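Structural features, examined
Below are the chains, spelled out letter by letter.
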Amino acid sequence: MYRLLGVLSTLAAARAGNLRFSPEFDITWELGGDVVAFNMTCAADGYCAIGFGASKANSDTITCYFLNEVAVCKDEHVGSVSTRPTEDTVQDVTVVDSEGTGDVWWIQFTRALITGDDEDRAIVTNAPQSIIWALGTVVNDSLRKHSSEGRHVVQWAPYFAFNDEFSVTWDVTPSLLIINMTCSEGHYCAIGIGETKTHSDTIICYYAADVVASCEDGHVGAKLTAPTVDAKQDVTVLSAGGIVNGGWWLQLSRPWDTSDGDDLSFVRDGTQSILWAIGDVTDGRFRKHSSEGFAVADWGQGTIVWPEPPQLDPFFAFNDEFSVTWEVTLSSLIINMTCSEGHYCAIGGTTDGQTTVYPLYGFFSWVAYTILVALGAPIFRRKFYSVFVVSHVALSIVTVTFSIMHISGGWRPYLINSVPLTILCLDFAVRTYQKAFTYPVTVSYSGAVTKLVMETCGRRWGPGSYMYISIGEVGFSEAHPFSVVSHHDSGKAVFYVKNMGRHTWTDRLSRLSVDGAEKLFARLEGPYGNLQFDMTKHDKLVLICGGIGITPMLGIAAYMAPAQSALLSWSVRDPSTILFLLEDIEALLAKFTNLRIAISYTGHQSLNEADISSSRLTIDHGRPDFKELILTYADRHSAVAICGPAPLIMTAVAEAKSSHFHLPLHVETFQF
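Report follows, based on the coordinates.

Another point: helix H10 (residues 646-658). The terminal C-alpha atoms of H10 lie 18 Å apart, and with 13 residues this matches the ideal 18 Å at 1.5 Å per residue to within 8%. Listing the buried residues of H10 in full gives Leu 648, Ile 649, Ala 652, Val 653 and Ala 656. All buried residues of H10 lie within an arc of 120° about the axis, which places them on one face of the element. Opposite the buried face of H10, at more than 90 degrees from it, the exposed residues are Pro 647 and Lys 657.

See below:
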């Protein structure tokens, strides 16, 4: 069902609603296919937010406000601990329109019902959904703690699925019932009014010759036969989406009361019995239905429910698909079993009257895996890497072991799990072999950056490559990835490592450098990584970076061809970092005459530009204009590579994608 609905969702008609949370905050919404458009109205000096979840903890939130007269909507989430929302890595909210006038502002934004982002929650259209809301003030571009908040339950749209192949949504107007019908390809779908099949009023919809959407207004008389087409057709097809990937969709309307003797009236205020059916269409003819049933509809309240079955006493329902009633005689136990179509149902017991105790192997496996995922958080991975490595190895073994014990079935669980275990062992063996060789390291240090130079003895790598480095004196069990700055033909692997703060591997490395440890031995694993485009196919390269993000850009520039040209834009705030990398930068400029480097200095300390600037190395103060940079330098034969802090990456990527050249992109982020 969900596969079919997902395929057809882009064809669905719009459904709308509105909520007023407070005098200062209200929203309206409109569903169109697999996207929902929200219109949010809020006080001019404030922010307003809605979230999907029963409480603030573990919720998915959208916060909107005006910043410097620009509408902003942030896709955020709150973890298991109720704290200030964290901005999502991937922004799945798009601002479509906005207006700020007088005492209020108005923003229209869209979001997909299902984004595929692990940090988002789905917007549910086939059941009520709990939401939260909040509003507060914006002072000096900062969001203050909310002044009002609350919870609400929303039914975004009326919806009902009769089975995996037939579902409906609907809208009501004063004179018409509008039904959006979704059905599987090659079938007709029918809905009608009546408590029995006889004396019923039917609407049968199908695609004639797989091309034309058609609906027939019909009825069944006192004798149970196929529906007879009404002389007067009171059903109108409003729109149709065609047959797409295994299903069709159409929208129809019918008056509540047609005053037609062949029709029954749809009840707008109250409940009524309805019937439904689905069957094959062959050569334009309706075959006998393959599935049918009855339900109870309350069109005005937006609900369709299954009729309550008559219950015998005693009665027990194991779930929505399996229930039993029973009778006891002197010699027998008589069981009446009800089961869903296409399934088997079973019941059994023990002769000794003892309760069966099930092993908790699956639970232990789930707990071990949950802890394993939690320990992969950046706070453990960066500051307690040894804990991260040891726990992942141990918990992986525990997870796999208990999952095998949980699954019964002889040798099959062992065979299934042997494939990933074999791959894991081979990967471990290759990594161990690579780290068997040690390389002498020359260490130098300036400010917050440490430079490592290693004689690599013929080892090869390419543009955009990185390697895992482990140094026994820094942390024997730890290995971290760093971009290679140099070309492999130089016989040396050059790395620049930024100090990421106290109690980290990079901090211990910088302390060794400060203490005068100029000679160390390192183990290398790799190279890994590659560019997301073939740089040999592009005449021009635009390399955009910030801070220590210059390292992969220098590694890319080192592999330029003589006929290529490149512009490297580097945003940096630490003057000592500029001076520390100046030697390698000048070496690249001397080697490649078509390379230009533009430094955007954003720091507050004084910088002696006279000792740095040259004809192909310029220094400007302030942040660069990426849009102007790309429009001025790039053409249709260019490619763009970006690395740096998250805000810089987001801005540069947006400007690159907005270019009419549709430039190929390589984006690199530092996670360890």
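Two elements in contact, helix H9 (residues 626-633) and H10, have axes whose closest approach is 9 Å; the angle formed by their N-to-C orientations is 40°. As judged from the angle between their axes, H9 and H10 are oblique. Both H9 and H10 take part in a crossing whose hand is right-handed. Between H9 and H10, the contacting residues are Phe 626, Lys 627 and Ile 630 on the first element and Leu 648, Thr 651, Ala 652, Glu 655 and Ala 656 on the second. Partitioning the contact of H9 with H10 into residue classes produces five nonpolar, one polar and two charged.

Here we take up the pattern of salt bridges. Under the counting rule described, the total for this entry stands at nine salt bridges. For the salt bridge of Asp 26 with Arg 20, the shortest nitrogen-to-oxygen distance reads 3.0 Å. Note that Asp 635 and Lys 540 form a salt bridge whose closest N and O atoms lie 3.9 Å from each other. Note that Asp 635 is positioned in the loop between H9 and strand S39 (638-643) and Lys 540 in strand S35 (residues 540-546), a separation of 95 residues in sequence. Of the residues examined, Asp 635 reaches a relative accessible area of 23% and is grouped as partly exposed. On the accessibility criterion, Lys 540 (24% relative accessible area) is partly exposed.

Across the sheet, which stays open at both edges, the five strands sit in the order S13-S14-S15-S21-S20 with antiparallel pairing between neighbours. The strands lining the two open edges of the sheet, one partner per strand, are strand S13 (159-163) and strand S20 (236-243). Averaged over all neighbouring strand pairs, the angle between strand axes comes to 15°, with direction disregarded.

Following the criterion strictly, the structure yields five disulfides and no others. Covalent S-S linkage joins Cys 205 and Cys 215, the inter-sulfur distance amounting to 2.1 Å. With the S-S bond torsion at 110°, the cross-link from Cys 205 to Cys 215 turns out right-handed. With Cys 205 in strand S17 (residues 200-208) and Cys 215 in strand S18 (residues 212-220), the pair connects residues that are ten residues apart, well separated along the chain. Here Cys 205 falls in the buried class, since its relative accessible area comes to 0%. A relative accessible area of 11% means that Cys 215 is categorised as buried.

On to the environment of Leu 264, then. Secondary-structure assignment places Leu 264 in the loop between strand S21 (247-255) and strand S22 (272-282). Exposure remark for Leu 264: the relative accessible area of 35% places this residue in the partly exposed category. Separated by 71 residues in sequence, Leu 264 and Ile 193 place their C-alpha atoms 6.8 Å apart. Those residues in contact with Leu 264 that lie beyond four places of it in its chain are Ile 193, His 199, Ser 200, Asp 201 and Arg 254.

On to unusual backbone geometry. If you check the backbone angles, Asn 68 has positive phi at about 55° while not being a glycine. Within the element layout of this structure, Asn 68 appears in the loop between strand S5 (60-67) and strand S6 (70-77). A relative accessible area of 61% places Asn 68 in the exposed class.

Let us now look at a nonpolar patch on the surface. On the surface, Phe 316, Phe 318, Trp 326, Leu 333, Ile 335, Met 337 and Ile 347 cluster together into a nonpolar patch covering about 650 Å² of accessible area. Looking at the nonpolar patch, the elements with two or more residues in it are strand S26 (315-319) and strand S28 (333-339). Of all the elements, S28 adds the most residues to the nonpolar patch, at three residues. As for its placement among the helices and strands, Trp 326 is situated in strand S27 (residues 322-328). Look at Trp 326 and you get partly exposed, because its relative accessible area is 31%.

What follows deals with the packing of helix H7 (residues 550-557) against helix H8 (residues 575-591). For the pair H7 and H8, the least separation of the axes is 11 Å and the interaxial angle reads 25°. Regarding the angle of H7 to H8, the classification is roughly parallel. Between H7 and H8 the crossing geometry is left-handed. Where H7 abuts H8, its residues Ile 550, Leu 554 and Ala 557 lie against Leu 581, Ile 585 and Leu 588. When grouped by side-chain class, the residues that make up the contact of H7 with H8 number six nonpolar, no polar and no charged.

Basis of the calculations
Each chain has its residues counted from 1, running along the sequence as written. In keeping with the model being predicted, local features are shown solely for residues with a pLDDT of at least 70 and side-chain atom pairs are shown and tallied solely at 80 or more, while totals for entire chains, interfaces and linings include all residues. Water and hydrogen atoms were dropped before computing side-chain values, which therefore reflect all heavy atoms in the structure. Strands are runs of DSSP state E lasting at least two residues, helices are runs of H or I lasting at least four, and both sets are numbered from the N terminus onward. Take the number of residues in a helix, subtract one, and multiply by 1.5 Å to get its expected span. Each residue is placed in one exposure class: buried if its accessible area under a 1.4 Å probe, protein chains only, is under 20% of its type's maximum, exposed if it is over 50%, and partly exposed if it falls in between. Comment: arc refers to directions from the helix axis out to C-beta atoms. Comment: axis = line fitted to C-alpha atoms, over the contacting stretch for helices; angle = value between 0 and 180 degrees taken between N-to-C directions. By the definition adopted for this analysis, an angle is roughly parallel if under 35 degrees, roughly antiparallel if over 145, roughly perpendicular if from 65 to 115, and oblique otherwise. Put simply, a crossing is left-handed when the front helix is turned counterclockwise from the back one by less than a right angle, and right-handed when it is turned clockwise. By definition in these notes, contact holds between two residues if any of their heavy atoms fall within 4.5 Å. Residue type decides the class: Asp, Glu, Lys and Arg count as charged, Ala, Val, Leu, Ile, Met, Phe, Trp, Tyr, Cys and Pro as nonpolar, and the leftover types, Gly among them, as polar. Salt bridge, as applied in this entry: a Lys or Arg side-chain nitrogen positioned within 4 Å of an Asp or Glu carboxyl oxygen. Paired strands, as defined in this entry, are two strands with at least two bridges between them according to DSSP. Cysteine sulfur atoms that come within 2.5 Å of each other are treated as a disulfide pair. A residue counts toward a patch only above 30% relative accessible area and without a salt bridge, and it is joined to like-charged neighbours within 9 Å or, for Val, Leu, Ile, Met, Phe, Trp and Tyr, to nonpolar neighbours within 5 Å. In short, Shrake-Rupley with a 1.4 Å probe defines the accessible areas, and a residue's cover is counted only from the protein chains shown.

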